[in-house]
Structure formats: structure tokens, C-alpha cells
Amino acid sequence: MALLSTTDFPLLIEKNDGFSHGRIDLHCHTHCSDGTLSPQTLIDRAVNYQIDVLAITDHDTVEGFDIALDYIVEKNIPIKLVSGIEISTAWQGFEIHIVGLNIDINNLALQQLISCQQEAREQRAVSIGEKLAKCGFEDAYHDAKKLAGSGTITRAHFAKVLYQQGHVGTMQKAFDEYLGKKGRNTQKAYVKPVWCSIEQAVEVIHAAGGSAVMAHPIRYDLSAKWLRRLIVYFKESQGDALEVVLPQMNPQQRQTMLNYCLEYDLHASTGSDFHHPNKWSDLGRNLILPDGAIPVWAMWK
Ligand code: AMP
Ligand code: MN
Ligand code: MN
Ligand code: MN
């Protein structure tokens, strides 16, 4: 599989205002994991939002890529699709997400890692289902599987089931009361996942020719000291870039992330982490990289 190079999207490289018009989004989800849109509908939405370069980064799967690419070719849509994935990893009791960008989706090592992660997800889903059954929600596993269909099963599917059936008032409450973990506090249906390590994820992404990006560093609920430790570990594991921009981040947070990039010689990535249409964020919105950031796509020579 031929990977993209920066010459495939010269606009972003030559015209810095390419960034400021939200033309690139390197983190989003489809119904191949816990997003609600099909890859085709996501591409249509990206067209409406005038996005030039898009990466679909579903949880532990690359299934959406070919579907989206076929659609782009069939409809002659002027979007450069970057292959991607968001891999769940375990580090010091935290779940850290590593995004792989511009990867060969057919790479054997990548396919093997995906199989392991999917197996771990299935086992965890069964255990979550058992715990929820004890809480009185007997069909939760069955209903979550049905919701996930042939896509990756995630806790978001369980949260949606609990929400749709009126057991909790919001998806967030499902995490707060049943599925989540806060510090050492685990909720009633929390199951410790068995993910690969950060090192393994980075190694496989590199084996597949891609760039390894630490997803949403601000979302791990880490103190400044622990976040620095995580970034140091990521760098030692040969990680390439930090996601310095998410739509919800304020300028101060973006600057802090940029400072980590500069201090540890890491590239910068940007993405919406779009899952479904909502009023707070959308594809390609508010994703300008701060001045001085070296974009992750500068690696794609
Ligand atoms: P999993 O990878 O199976 O642990 O599922 C994690 C997914 O659930 C994340 O990618 C989010 O989309 C969603 N999620 C995680 N925490 C929350 C939360 N507190 N509220 C709503 N959605 C969440
Ligand atoms: Mn998700
Ligand atoms: Mn994530
Ligand atoms: Mn994500």
C-alpha cells in the first residue's frame, strides 16, 4: 500500500493558512468503532466542512479506510484520506491512546496486534456484561454487541445501552456510575483491560510505515508530574508526535502541549476526535496548530 507524502497535499505545506481554515483533521471515528456515522457519511460531512485531509482513527480497527477510500474514488471527492487507527494501550494503570497515522493497513504486525486487541476487547465486554448483569441489566452484553454490529466493541456502546434504556441520565453518568475508573476508584462494572504496551503500539505503527501520535494528552486526568513522565516514556518508546490540539483546548493548553513538543523534540498533530454530530465540536473545527509546531505530516516525505 502506497503511503501519502506531503506532496499529496501541497496546499497545507505551502500555505500556512491551510491550517487556519480547518482543512485538516487527523482524529475521528466511524461506526466501525464507537462513532455513529458510516465511513461514507463521515466523508460527506468532511466535504461539507471543506476538509482537505482527513484521517479516520477508529479504536483498534482499520476497517473504515477501504470503505471510505472506495467512496472517495467512486464519487471523485477531493479529499486526501490518511490511513489511521487509535490503539488502546496500558501504562502504569492508565489507558493511553496511541494514534497511528499514514500506516500500511495490510501490514502483518499491525493485523496481528489488531487481532489481539479485538480479542481483549471481546473478553472485557463479556466481563463488563457479567458485572452489569449483577447490577440488574441482564441483556447489556447482548444489547451492546448488537449496537456495535461488526465494528469494534467499546465501553461507549455499553454506556449508550444504559442511557437509551433509561438506567442513567447521560452517557457520562454511565461512566461515572458503572463503567469508569477514577484514580484508584473503580465503578461497579469496571473491568481492567488487557491492552498492549505503548512501546508495542509504537513499534507496530512504525513497522507499518506510520507515525505514532499520543492522543489527547490532556484527557488522562494526570497531574503535571505524571503527564511529563508519560511523555518521557512515550519519547523513549520512539513515539513521534503529541496531539497538541483538540477543539476543546484553550490557547494556554495548546501552548503547554507545544512546549512539551519543543522540549522533547516531538512533532505535533491535530484532530477533533469526532464521534457524532453535537454542538460542542465537529470535524475540522478549531484545529489550528500553534505557531512553532512541527506538524506530524512533515514526517511524510
Ligand atoms: P473503550 O476504548 O472501550 O475503553 O471505550 C472508550 C470510549 O468511550 C472512548 O473512546 C470514548 O469515546 C468513550 N468514553 C470514555 N470515557 C467517557 C466518558 N467519561 N464519557 C463519555 N464517553 C466516554
Ligand atoms: Mn471513542
Ligand atoms: Mn481516545
Ligand atoms: Mn478517538
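Residues numbered from 1 in each chain as written. Chains lettered and ligands numbered in written order. Predicted model: local features only at pLDDT ≥ 70, side-chain atom pairs only at ≥ 80, totals over all residues. Heavy atoms only, no water.

For the rest of this paragraph, the subject is the coordination of the manganese ion (ligand 3). Only Glu 86 (OE), His 97 (ND1) and His 216 (NE2) from the protein reach the manganese ion (ligand 3) as donors, at distances of 2.1 to 2.2 Å. Sequence positions of the donors to the manganese ion (ligand 3) reduce to the motif E-x10-H-x118-H. Taken as a pair, the manganese ion (ligand 3) and the manganese ion (ligand 2) show a spacing of 5.5 Å. In this pair, Glu 86 sits in strand 4 (residues 84-91) while His 97 sits in strand 5 (residues 94-101), placing the two residues 11 residues apart along the sequence. (Donors = N, O, S within 2.8 Å, 3.2 Å for Na, K, Ca; no water. Helix = DSSP H or I, 4+ residues; strand = E, 2+ residues; numbered from the N terminus.)

Right, let's get into the coordination of the manganese ion (ligand 4). Around the manganese ion (ligand 4), the protein contributes the donor atoms His 27 (NE2), His 29 (NE2), Glu 86 (OE) and Asp 273 (OD), at 2.1 to 2.2 Å from the metal centre. Between the manganese ion (ligand 4) and the manganese ion (ligand 2), a spacing of 4.7 Å is present. For the pair formed by His 27 and His 29, the shared burial category is buried. (Buried < 20%, exposed > 50% of the residue type's maximum accessible area, 1.4 Å probe, protein only.)

All of the buried residues in helix 3 (residues 39-48) are Pro 39, Leu 42, Ile 43, Arg 45 and Ala 46. Projection of helix 3 onto a plane perpendicular to its axis shows the buried side chains occupying an angular sector of 160°, all on one side. Buried-residue contacts for helix 3 involve strand 2 (53-55), helix 4 (63-75) and strand 3 (80-82). In the stretch just after helix 3, Gln 50 is the one whose phi turns positive, near 55°. (Arc of directions from axis to C-beta. Contact = heavy atoms within 4.5 Å.)

Each regular strand carries side chains that alternate between the two faces of the sheet. Pairing of strand 10 (residues 241-245) with strand 11 (residues 267-270) involves four bridges; the strand directions are parallel. Its bridge partner lying in strand 11, Leu 242 is registered against Ala 268. Crossover strand 10 to strand 11 through helix 11 (residues 251-264) is right-handed. (Pairing = 2+ DSSP bridges. Right-handed = clockwise from strand over helix to strand, strands pointing away.)

We now examine the site of ligand 1. Close contacts around ligand 1 come from Asp 34, His 59, Glu 95, Arg 121, Arg 124, Thr 154, Arg 155, Ala 156, Gln 172, Phe 175 and His 275, and that covers them all. Between Gln 172 and ligand 1, the recorded distance is 3.0 Å, taken from a side-chain N or O atom to a nitrogen atom. Here His 275 contributes a side-chain N or O atom positioned 3.0 Å from an oxygen atom of ligand 1. Here ligand 1 loses 76% of its free accessible area of 490 Å² to cover by the protein chains. (Near = heavy atom within 4 Å. Polar contact = N/O pair within 3.5 Å; in protein donor to acceptor, adjacent residues only side chain to side chain. Areas by Shrake-Rupley, 256 points an atom, 1.4 Å probe, with all protein chains shown as cover.)

Most of strand 5 is tucked away: seven of the eight residues are buried. The pairing of strand 4 with strand 5 spans eight bridges and is antiparallel. Looking at the pairing, Gly 84 lines up with Leu 101 of strand 5. Hairpin geometry of strand 4 and strand 5 is characterised by an intervening segment of two residues between the two adjacent antiparallel strands and by a positive phi of about 50° at Gln 92. Here strand 5 pairs with strand 9 (residues 211-214) via four bridges, running antiparallel. Of the residues in strand 9, the one forming a bridge with Val 99 is Val 213.

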